[in-house]
Amino acid sequence: TDQKGKARKWDVATRTTKQGTGADAVVIIPLLMKYGADRSTDDLLLMDTLIVEQFRPPMGQLTAEFPAGLIDKDESPETAALRELLEETGYVGERCKIIPQVSRQACMSPGVTDESVHIVVVHVDLDNPYNHGTPKQEVDEGEQGTVKRVGLQDGLREVLEKGQSMPIEGLD
């Protein structure tokens with residue numbers, strides 16, 4: 001029914017694993033950081049972010065997305081974001097010095113789906129030995145994606161303007 005109580009036909013996609021009215025998933029905005037000489041949080045240098053390119057069957061093409069994933073039962077958005085960041089990108093997010101920042105519940109495509117997400121900003125300490133070299137993804141069977149490290153301004157702009165993959169809502 002619409003806001004006036006009138007019955008209408010509408011196509012809606014609902015996740016079969018949806019639990020209650022809370023958010024289904026997290027979208028992670030990773031901020032890759034390096035500490036300066038004094039190693040204080042006041043001396044952080046913002047470097048890059050991470051984008052995952054993956055084939056999405058409903059779109060029939062590659063998409064460029066921030067890392068994302070489902071929130072497991074009894075899991076906080078912060079914990080889900082750190083777990084999904086590691087699985088999808090291989091990078092370990094910070095939870096001790098800088099706690100992930102979580103948005104209120106947000107919808108991604110409200111005209112078609114009842115999916116809602118928390119957008120979580122996660123700092124990634126590039127000085128952490130786990131984040132050296134090329135971190136290895138730990139994706140589930142059937143999942144695959146290419147992780148791209150891009151500059152926050154010029155790199156994201158290039159992905160949006162010249163990239164071969166379709167950017168998802170929120171990235172543009």
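Please refer to the structure higher up on the page.
Report follows, based on the coordinates.

Details of the overall build of the protein chain
- Across its full length, the protein chain holds two helices and nine strands.
- The N-to-C order of helical and strand elements in the protein chain reads β-β-β-β-α-β-β-β-β-α-β.
- A principal-axis box enclosing the C-alpha atoms of the protein chain has dimensions of 65 × 35 × 30 Å.
- Relative to its 172 residues, the protein chain shows a buried fraction of 37%.
- Within the protein chain, counting contacts between residues at least 6 apart in sequence, those at least 24 apart form 64% of the total.
- Of the roughly 10,800 Å² of accessible surface on the protein chain, 51% is carried by carbon and sulfur atoms.
- Side-chain charges of the protein chain comprise 19 positive and 30 negative groups, with the mean position of each set lying 6 Å from the other.

Observations regarding the nonpolar core
- Core analysis: the biggest nonpolar cluster contains 15 residues, and Val26 and Val122 have the highest contact counts within it.
- At the level of elements, strand S1 (25–35), helix H1 (77–89) and strand S7 (116–125) are the ones that each hand at least two residues to this core.
- Ranked by residues supplied to this core, first place goes to H1 with four residues.
- Those residues in contact with Val122, other than ones at most four positions away along the chain, are Ile28, Ile29, Pro30, Leu31, Ala81, Leu82, Leu85, Gly93, Glu94 and Pro100.
- Among the nonpolar cores identified, the runner-up in size contains ten residues, and Ile51, Ala64, Phe66 and Val117 belong to it.

Let's talk about the layout of surface pockets
- Here the second largest pocket defines a volume of roughly 180 Å³.
- Around the second largest pocket, the lining comprises 13 residues; the ones closest to its centre are Thr17, Gln19, Ala23, Asp24 and Ile71.
- A class-by-class count of the residues in the lining of the second largest pocket yields three nonpolar, three polar and seven charged.

Topic: the pattern of salt bridges
- Taken as a whole and assessed by the stated rule, the structure comprises eleven salt bridges.
- Here Arg8 makes a salt bridge to Asp2, at a shortest N to O gap of 2.8 Å.
- The salt bridge involving Asp72 is made with Arg83; its shortest N-O contact spans 3.5 Å. Remark: Arg83 occurs in helix H1 and Asp72 occurs in the loop between strand S4 (68–70) and H1; sequence separation between them is eleven residues.
- With relative accessibility at 41%, the residue Asp72 sits in the partly exposed group.
- Sharing partners across several salt bridges, the network here consists of Asp72, Glu75, Arg83, Glu84 and Glu87.

Definitions and limits used
Residues numbered from 1 in each chain as written. Predicted model: local features only at pLDDT ≥ 70, side-chain atom pairs only at ≥ 80, totals over all residues. Heavy atoms only, no water. Helix = DSSP H or I, 4+ residues; strand = E, 2+ residues; numbered from the N terminus. Buried < 20%, exposed > 50% of the residue type's maximum accessible area, 1.4 Å probe, protein only. Contact = heavy atoms within 4.5 Å. Areas by Shrake-Rupley, 256 points an atom, 1.4 Å probe, with all protein chains shown as cover. Lys, Arg positive; Asp, Glu negative; His and termini not counted. Charge placed at Lys NZ, Arg CZ, Asp CG, Glu CD. Core = buried A, V, L, I, M, F, W, Y, C linked by side-chain atoms within 4.5 Å. 1 Å grid on protein atoms, 1.4 Å probe; cavity = no way out; pocket = protein on both sides within 12 Å on 5 of 7 lines; lining within 4 Å. Points joined across faces, edges and corners; volume = space filled by probe spheres on them. Nonpolar A, V, L, I, M, F, W, Y, C, P; charged D, E, K, R; others polar. Salt bridge = Lys/Arg side-chain N within 4 Å of Asp/Glu carboxyl O.

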